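# Working through the structure, step by step
Now for the letters of each chain:
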Amino acid sequence: MILALFGGALLLWCAAEARLRHRIRRRGLPAVATVVPESDVHGALDSAPLLSFATRPVPGGRPEGRTAGRTGGAPGVEAGELVLTRPRGHTPLRRPAHLVPGGSVRIAYDPRRPGHAVLAAEEAGPRPLVADLLWTALGLGCLAAGAVLLLAAA
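Here goes a summary of the coordinates provided. Note that the structure is a prediction, hence the values are computed from the model and not measured. (Residues numbered from 1 in each chain as written. Predicted model: local features only at pLDDT ≥ 70, side-chain atom pairs only at ≥ 80, totals over all residues. Heavy atoms only, no water.)

## A word on the environment of Arg-25
With respect to the helices and strands, the residue Arg-25 is situated in helix α1 (residues 2-27). Note on Arg-25: relative accessible area 31%, which makes it partly exposed. Each C-alpha atom, one on Arg-25 and one on Ile-107, is 8.3 Å from the other, the two residues being 82 residues apart in sequence. A polar contact is formed between the side chain of Arg-25 and the backbone oxygen of Leu-119, at a distance of 2.9 Å. (Helix = DSSP H or I, 4+ residues; strand = E, 2+ residues; numbered from the N terminus. Buried < 20%, exposed > 50% of the residue type's maximum accessible area, 1.4 Å probe, protein only. Polar contact = N/O pair within 3.5 Å; in protein donor to acceptor, adjacent residues only side chain to side chain.)

Spelled out as structure tokens, the structure:
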């Protein structure tokens, strides 16, 4: 039963991450981020780099939960702010060579939640599709094995 629950949860997680990445790349705002050097040892081992970028001013007021000050001349336009985040859906085992500290990468981010950022499609390369397929295969395998074990026990 635990195996089936794990497989089902993994499939839901894969679908949610793929949908989020696709939505942000399609509807998000483009930006250029800088890869920030990691201050702790464990962060440097993470394959998803720490990115820093400035958000664009948001027309129509500030997004929910944001507290940055307003710009001087334009009422209803939120001033941009600096965001530190890791890109969503980045799951290779090793960090690619082009994501070195100090390097620039193109990203897309959700203007309502700037912490949700993804690497631009050309920066991510073909590997996200391969990783998505591998995670999906693992989820399907666990779900199938759990279902077979449940049927055998019943």
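## Quick word on the nonpolar core
Within the largest apolar cluster, 12 residues are counted, these being Ala-31, Ala-33, Val-35, Leu-51, Phe-53, Val-83, Leu-99, Val-105, Ile-107, Tyr-109, Ala-117 and Leu-119. Those elements that provide at least two residues to this core are β1 (29-35), β2 (51-54), β6 (104-109) and β7 (117-119). (Core = buried A, V, L, I, M, F, W, Y, C linked by side-chain atoms within 4.5 Å.)

## Examining the environment of Ala-31
Mapped onto the secondary structure, Ala-31 falls in strand β1. In contact with Ala-31, not counting residues within four places along its chain, are Phe-53, Val-105, Arg-106, Ile-107 and Tyr-109. (Contact = heavy atoms within 4.5 Å.)

## Structural notes on the sheet that holds strand β5 (residues 82-85)
Read from one edge of the open sheet, five strands run β5-β2-β1-β6-β7, paired in antiparallel fashion. Unpaired on one side and paired on the other, β5 and β7 mark the two borders of the sheet. Taken over all neighbouring pairs, the strand axes of this sheet differ in orientation by 40° on average, direction set aside. Pairing of β6 with β7, which is carried by three bridges, proceeds in the antiparallel orientation. Bridge pairing in β7 links Ile-107 to Leu-119. The sheet contacts of α1 involve β1, β6 and β7, and relative to β7 the element is tilted by about 85°. (Pairing = 2+ DSSP bridges. Axes fitted to C-alpha atoms, helices over the stretch in contact; angles between N-to-C directions.)

## Brief notes about the pairing of β1
Inspection of the sheet shows β1 paired to β6 by six bridges, in the antiparallel sense. Bridge pairing in β6 places Ala-33 opposite Val-105. One ladder, built from two bridges, connects β1 with β2; its direction is antiparallel. Among the inter-strand pairings, Thr-34 is bridged to a residue of β2, identified as Ser-52.

## Some points on the pattern of salt bridges
Within this structure, the stated rule accounts for three salt bridges. In this structure, Glu-17 engages Arg-88 in a salt bridge whose closest nitrogen and oxygen atoms are separated by 2.5 Å. A residue pair is termed long-range when its members are at least 10 positions apart, and Glu-17 in helix α1 and Arg-88 in the loop between β5 and β6 qualify at 71 residues. A salt bridge links Asp-110 to Arg-23, with the shortest nitrogen-to-oxygen separation between them at 3.8 Å. Here Asp-110 is found in the loop between β6 and β7, whereas its partner Arg-23 is found in helix α1, with 87 residues between them in sequence. Within this structure, Arg-23, Asp-110 and Arg-112 form a network of salt bridges that share partners. (Salt bridge = Lys/Arg side-chain N within 4 Å of Asp/Glu carboxyl O.)

## Digging into the side chain of Ser-52
Structurally, the position occupied by Ser-52 is in strand β2. For Ser-52, a relative accessible area of 14% corresponds to the buried category. Residue contacts for Ser-52: discarding those within four places in its chain leaves Ala-33, Thr-34, Val-36, Leu-82, Val-83 and Leu-84.

## Digging into a nonpolar patch on the surface
On the surface, a cluster of nonpolar side chains totalling about 560 Å² of accessible area is made up of Leu-3, Phe-6, Trp-13, Trp-135, Leu-138 and Leu-149. For the nonpolar patch, the secondary-structure elements that each account for two or more residues are α1 and α4 (127-153). Summarising the element assignment, Phe-6 is placed in helix α1. (Patch = residues over 30% accessible without salt bridge, like charges linked within 9 Å, V, L, I, M, F, W, Y side chains within 5 Å. Areas by Shrake-Rupley, 256 points an atom, 1.4 Å probe, with all protein chains shown as cover.)

Function cannot be read off these values alone, since they describe shape.
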